[in-house]
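# Overview (structure and organization)
For reference, the chains in residue letters:
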Amino acid sequence: MGEDRSGRPVRHETSFERADRNFSELLQELRVTQTGVQILFAFLLTLAFTPRFPSLDTLQRVTYVTTLLLAVLAAALFTAPAALHRSLFQQHAKPQIVRWSSDLARAGMAVLALALTGSVLLVVDVTLGRVGGFLAGAGTLLVCVGLWGVLPRVVRREVVPARAAATADMPEDDEDVRPSEDVRQAAEVSSPAERRGE
């Protein structure tokens, strides 16, 4: 990786190398979220076998079943990229796999927010009462939406103007900004992923 005249990092990679890097980064993100989903799912499964479970009222049982199904759906969405990659292995589809996997992960985060909301609602409802349960569930949903939805948009608003300003300061025909002949030739050589047929 080099730098342009403004000091911004510039990657000299082919589209397949970029897809490989993006997929690796996505898999790292999914490892974090999958652990949380697995813990939540295990917790929900054990609840049905506790002595207090038969005393739950209708709303609590509906909340439990809905939350359990949301946790299953989140787990399915977060593991789908691995299945997609395995099914399309060596089909030269890595950019499409990355794009679809990103969409699946985004959907998984939305479903996970609902599953977390439902689980907090259920536990607080059972322990403190219905009003406390709804307040805790609403608070959980607001925190998830704020951290996972609003915060990235705020950060994106900071990044886009900074990137546009840095780009506007650079002359388009500057020799120092363009990749060297060696870099252009290296980009034309197939990446390891292309040679493997991914």
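Residues numbered from 1 in each chain as written. Predicted model: local features only at pLDDT ≥ 70, side-chain atom pairs only at ≥ 80, totals over all residues. Heavy atoms only, no water.

On to the side chain of threonine 67, then. Tracing the backbone shows threonine 67 in helix H2 (residues 58-87). By relative accessible area, threonine 67 is classed as buried at 2%. Contact partners of threonine 67, with chain neighbours within four places excluded, come to Leu44, Ala115, Gly118 and Ser119. (Helix = DSSP H or I, 4+ residues; strand = E, 2+ residues; numbered from the N terminus. Buried < 20%, exposed > 50% of the residue type's maximum accessible area, 1.4 Å probe, protein only. Contact = heavy atoms within 4.5 Å.)

With that settled, consider the environment of leucine 69. Mapped onto the elements, leucine 69 comes out in helix H2. Note on leucine 69: relative accessible area 53%, which makes it exposed. Distance from leucine 69 to leucine 44, taken between C-alpha atoms, is 9.9 Å for residues 25 residues apart in sequence.

So, about the pattern of salt bridges. Applying the stated rule across the entire model yields four salt bridges. For aspartate 57, the salt bridge goes to arginine 130, with nearest N and O atoms at 2.7 Å. In this pair, aspartate 57 is assigned in the loop between helix H1 (15-47) and H2 and arginine 130 in helix H4 (residues 130-168), connecting sequence segments 73 residues apart. By relative accessible area, aspartate 57 is classed as partly exposed at 31%. Arginine 130 sits in the partly exposed class, given a relative accessible area of 31%. Here aspartate 125 and arginine 130 are joined by a salt bridge, their closest N and O atoms 3.1 Å apart. Judged by its relative accessible area of 9%, aspartate 125 falls in the buried class. (Salt bridge = Lys/Arg side-chain N within 4 Å of Asp/Glu carboxyl O.)

Further remarks concern the confidence of the model for the protein. The predicted model of the protein averages 78 in pLDDT, with 73% of residues at 70 or higher. When the elements of the protein are averaged for pLDDT, helix H5 (residues 181-188) gives the smallest value, 41, and helix H3 (residues 94-128) the largest, 91. (pLDDT = per-residue confidence, 0-100.)

As a further point, take H3. Taking 1.5 Å per residue, 35 residues should reach 51 Å; H3 reaches 49 Å between its end C-alpha atoms and fits that length. Where H3 ends, the next residue or the one after it, glycine 129, has phi of about 120°, a positive value. (Expected span 1.5 Å × (residues − 1).)

Turning next to the packing of H1 against H2. The interhelical angle for the contact between H1 and H2, taken along N-to-C directions, is 150°, at an axis separation of 9 Å. Regarding the angle of H1 to H2, the classification is roughly antiparallel. Read as a crossing pair, H1 and H2 show a hand that is left-handed. Note on element contacts: H2 touches H1 through Tyr64, Thr67, Leu68, Ala71, Val72, Ala74, Ala75, Phe78, Thr79, Pro81 and His85, opposite Phe23, Leu30, Thr33, Gln34, Val37, Leu40, Phe41, Leu44, Leu45 and Leu47. Across the contact of H1 with H2, the residue classes tally to 16 nonpolar, five polar and no charged. (Axes fitted to C-alpha atoms, helices over the stretch in contact; angles between N-to-C directions. Parallel < 35°, antiparallel > 145°, perpendicular 65-115°, else oblique. Left-handed = near helix turned anticlockwise from the far one by under 90°. Nonpolar A, V, L, I, M, F, W, Y, C, P; charged D, E, K, R; others polar.)

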